[in-house]
Amino acid sequence: MRHNLRLIVFSGWHASMTDLLSIAPRDKAEILAQALPYIRKFHGKTMVIKYGGNAMTDPDLQADFAEDVVLLKLVGMNPVVVHGGGPQIETALNRLGKKGHFIQGMRVTDAETMEVVEWVLAGEVQQDIVGLINQAGGKAVGLTGRDGGMIRAQKLKMVDSKDPSIEHDVGQVGDIVAIDPSVVKALQDDAFIPVISPIGFGENNESYNINADVVASKLATVLQAEKLMLLTNTPGVLDKEGKLLTDLTAREIDALFADGTISGGMLPKIAGALDAARAGVNAVHIIDGRVPHAMLLEILTDQAYGTMIRSH
């Protein structure tokens, strides 16, 4: 029986890397041959991956993600991981008796919440991801926006989406002023995989919590990435009837914003993705992180998974 990459890696039994060992040698060769054009096309290219959702909390999906990142590096691509950590932050806040509050998809971050955000993201969450990638055979290095002066930020001015005359105070939530990618490029050149927490610093050395989707989008632009991949807990962008929209233009996205189809936590995600596409990132994909090996599906096959955003 003939196999292809999609059927082998993403069949109902969700084959893992170890499962592939039981496949006949001829079939293994065929799988690799099918992936070869994509490996050749993307060799040496940067892939910025926003890692979040169920893919960060389900142990099997965590292992799949780490294997995918290592595989991309080993075949000559340059993955850069930017991670979120909303559920983990929420759990930590609950332990302290604090309840998270959001305005237009952004977490309101007072000084105490900022302390929690820093130790959860740059400590617990980041080191878990670094450990998983290293365990899978990679060489991951954890960074925050402070390292190498990477992410300079200022306080975000949150204008009300319905009434522009109203401005919401969301505390130490940051708006990116500039990104210096020097430390990321240096790590890539030395065969390391950067894992970045979305924390920036201000002119007075204050810390800022920055939306991870925004950081990933801006970083993809600065690095002139081939692809920006945003892992989510949905199949992609859905219309009002719940149908997946696989290919969207800037104009179509503006219409979805206007009629309320895109709202809440998807607002910064889609806005950042659109900015990256307009700024030269060749392909922006919003993919379902609940699907095992979702990134390999997106990069090493010609099948569309999730939503691709084009600038025009």
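Residues numbered from 1 in each chain as written. Predicted model: local features only at pLDDT ≥ 70, side-chain atom pairs only at ≥ 80, totals over all residues. Heavy atoms only, no water.

1. So, the nonpolar core
Among the nonpolar cores identified, the biggest contains 40 residues, and Val48, Val82, Ile196, Leu228, Val237, Val284 and Ile309 are the most heavily contacted of them. Counting residues per element, this core draws most heavily on helix 7 (residues 212-222), which supplies 6 residues. When near neighbours in sequence (up to four residues on either side) are disregarded, Val284 contacts Leu228, Ala273, Ala276, Ala277, Thr307, Met308 and Ile309. By size, the runner-up hydrophobic cluster in this structure holds 39 residues, among which are Ile39, Phe65, Leu72 and Met114. (Core = buried A, V, L, I, M, F, W, Y, C linked by side-chain atoms within 4.5 Å. Buried < 20%, exposed > 50% of the residue type's maximum accessible area, 1.4 Å probe, protein only. Helix = DSSP H or I, 4+ residues; strand = E, 2+ residues; numbered from the N terminus. Contact = heavy atoms within 4.5 Å.)

2. Regarding helix 3 (residues 59-74)
Look at helix 3: 23 Å from first C-alpha to last across 16 residues, which is about the 22 Å you get at 1.5 Å a residue. Where helix 3 is concerned, the buried positions are Leu61, Gln62, Asp64, Phe65, Ala66, Asp68, Val69, Val70, Leu72 and Lys73. Where helix 3 begins, the side chain of Asp58 points an oxygen toward the backbone nitrogen of Asp60, at a separation of 3.0 Å. Once helix 3 ends, the next one or two residues include Gly76, with phi positive near 105°. (Expected span 1.5 Å × (residues − 1). Polar contact = N/O pair within 3.5 Å; in protein donor to acceptor, adjacent residues only side chain to side chain.)

3. Looking at the pattern of salt bridges
Counted by the stated rule, this structure contains 7 salt bridges. Between Asp213 and Lys50 there is a salt bridge; the shortest N-O distance is 3.3 Å. Of this pair, Asp213 sits in helix 7 while Lys50 sits in strand 1 (residues 46-51), and the two are 163 residues apart along the sequence. On the basis of relative accessibility, which here comes to 5%, the residue Asp213 falls in the buried class. Through salt bridges with shared partners, one network takes in Lys98, Asp110 and Glu112. (Salt bridge = Lys/Arg side-chain N within 4 Å of Asp/Glu carboxyl O.)

4. Considering the UniProt feature "binding site: substrate" (unreviewed entry) in the protein
The residues that UniProt annotates with the feature "binding site: substrate" (unreviewed entry) are Gly85, Gly86, Arg107 and Asn209. Across 125 residues in sequence, these annotated residues keep their C-alpha atoms within 11.6 Å of one another, forming a single compact spot. Note on placement: Gly85 falls in the loop between strand 2 (78-83) and helix 4 (86-95). Here Gly85 falls in the buried class, since its relative accessible area comes to 8%. For Gly85, the contacting residues outside a window of four places in its chain are Met56 and Leu121. Of note, Arg107 is situated in strand 4 (residues 106-107). (UniProt positions renumbered as here; feature names shortened; annotations may be inferred.)

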